[in-house]
Amino acid sequence: MNACPDLESLSAEVDGALPEPQRSRLRGHLALCETCREGRTRLVALKAAVRGSQPDQHPSPRLRERLEALAPPGPEARPSGSRRLAIAVAMTAASAGALSFVASMVARRPAGDGLASHLVDDHINNALRHDKPLHIVSADPAEVERWFSGNVDFAVSLPRLPGATLVGGRTCTIAGRRVALTFYDIRERRVSLFVMPPEGREDPPCTDGVRGFSVCRRRVHGVDYALVGDLPAEQARRLLEQGL
Amino acid sequence: MTDREFLRLALAHLPRLLRFARRLCGDPDRAEDLVQETYIRALKVRRHLRDQGALLPWLLRVLHTRYLDETRTETRRLELLAAGPPALPPATADLERELLEGTLSAEVEAALLALPEDQRAAILLADVEGLSYEEIGQVLGCPVGTVRSRIARARARLFEALSATAHARRSHRGRSSP
């Protein structure tokens, strides 16, 4: 190869992507042409600089939690027959005192703990994975409220969340009750707003520790509002406070 | 394969997806959002993945498509039409030395972000992710020849931008020295 190669060929050679016999011809040319050798050296330097231009970003714990929550582990495998028998014997032998201890531990779990987890599950399945279709699609709160009036057994009054656009809603079941589940877009984030009869303690503190999602609840005029999403808990709290 | 099993395999590539997203969009928060949307989308369409061995390029493609959906503009198409054959600007010894010493990280990052999106994605996949041109073609949905051309154009543009920056810095130092 006498003529100098074009930049495309030189660049591909640096990436090890130049097929034979072009590669051998180009290497032969490089041995004789100082200008092209210098050009290749510059390309190698640039490649290294692009690779090292930024430190790697480690996934935040919240992102990891949110991703893990997209497909949570299923129920643990049922124990085998012999293990089941052993467990049954052990259970029979357990003292009444031990059973009452377990019962007291369950009773001491914070009220609404399981509820927050349930709300996050529904948020993931409906707002993020879109496993279930919307029953009503509308950005008009009045229209969505009207639709819910025929589908849940309590009056639904939707807040006007500042900076959020209503997308629509559907019904879902929480603690055995049919409740209203609505969706809002805040920039490019979708959040879920559950509107439901009072459940658990009133106005528990907002948290962003439920598998990486924030859950914020407020009770107004005997109706619970729960905002769930991947926005910071403080932002969720302010949104609810300003909207209700 | 269950969703959970698929997710476990896909999460093994999380650091690389995040790295690509971060460099593609230049914003750590946006990169995390983009990655989350990628996994949601991947779980939905995972039946389209034919070869389990090609999971990484497939995930990168899902991510890139999602990114394009968010950012697609007319200017991108105009760039392709206006571009001529790529060539390296004249050599400057200082620039090569600085590149090799890694003292131009911020300038390189800025120059990468100023590239047309298709060129930026191609060069990042080659230089940072170490993908072959064939794999980059799978991610970007284009032939190998196009990959090769995009990477060469990206390098020519980066040299142009970095040469201009280095020249400006030298002029500034020359003026400010007594």
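Everything discussed here concerns the structure shown above.
This report concerns the structure included in the present document. Quantities reported herein were computed from a predicted structural model and do not represent experimental measurements.

Another point: unusual backbone geometry. Residues and elements named next belong to chain A. Here the residue pair E20 and P21 is connected by a cis peptide bond, since its omega of 5° sits within 30 degrees of zero. Inspection of the secondary structure puts P21 in the loop between α1 (7-14) and α2 (22-32). Positive phi outside glycine occurs at R211, with the angle close to 50°. With respect to the secondary-structure elements, R211 resides in the loop between β5 (207-210) and β6 (213-220). The backbone phi angle of H221 is positive, close to 50°, even though this residue is not glycine.

Residues and elements named next belong to chain B. Computed from the structure, the largest pocket encloses a volume of approximately 1,300 Å³. Lining the largest pocket are 40 residues; nearest its centre among them are D33, L34, E37, R66 and E70. At 10 residues, the largest contribution of residues to the lining of the largest pocket is made by helix α3 (residues 28-45). Its residues assigned to classes, the lining of the largest pocket shows 13 nonpolar, 8 polar and 19 charged.

With that settled, consider the interface of chain B and chain A. Contacts between the two partners involve 47 residues from chain B, matched on the other side by 41 residues from chain A. Across the chain B/chain A interface, buried area totals approximately 4,400 Å², and carbon plus sulfur atoms make up 57% of it. Linking R189(A) and D33(B) is a salt bridge whose minimum nitrogen-to-oxygen distance equals 3.3 Å. Counting across the chain B and chain A interface gives 12 residue pairs in polar contact (both at pLDDT 80 or more). When residues of the side of chain B that touches chain A are traced back to their parent elements, those giving at least two are α1 (3-11), α2 (14-25), α3, α6 (93-101), α7 (105-113), α8 (117-127) and α10 (144-176) of chain B.

Residue and element names in this part refer to chain A. Read across the open sheet, the 7 strands follow the order β1-β2-β3-β4-β7-β6-β5; overall the sheet is antiparallel. The open sheet is flanked by β1 (136-137) and β5, the only strands paired with a single partner. Judged from the 7 bridges that link them, strand β3 (residues 177-186) and strand β4 (residues 189-196) form a sheet pairing that is antiparallel. Looking at β4, one finds that D185 is bridged to R190.

Criteria and thresholds
Residues numbered from 1 in each chain as written. Chains lettered and ligands numbered in written order. Predicted model: local features only at pLDDT ≥ 70, side-chain atom pairs only at ≥ 80, totals over all residues. Heavy atoms only, no water. Helix = DSSP H or I, 4+ residues; strand = E, 2+ residues; numbered from the N terminus. 1 Å grid on protein atoms, 1.4 Å probe; cavity = no way out; pocket = protein on both sides within 12 Å on 5 of 7 lines; lining within 4 Å. Points joined across faces, edges and corners; volume = space filled by probe spheres on them. Nonpolar A, V, L, I, M, F, W, Y, C, P; charged D, E, K, R; others polar. Contact = heavy atoms within 4.5 Å. Buried area = accessible area lost by both parts, 1.4 Å probe. Salt bridge = Lys/Arg side-chain N within 4 Å of Asp/Glu carboxyl O. Polar contact = N/O pair within 3.5 Å; in protein donor to acceptor, adjacent residues only side chain to side chain. Pairing = 2+ DSSP bridges.

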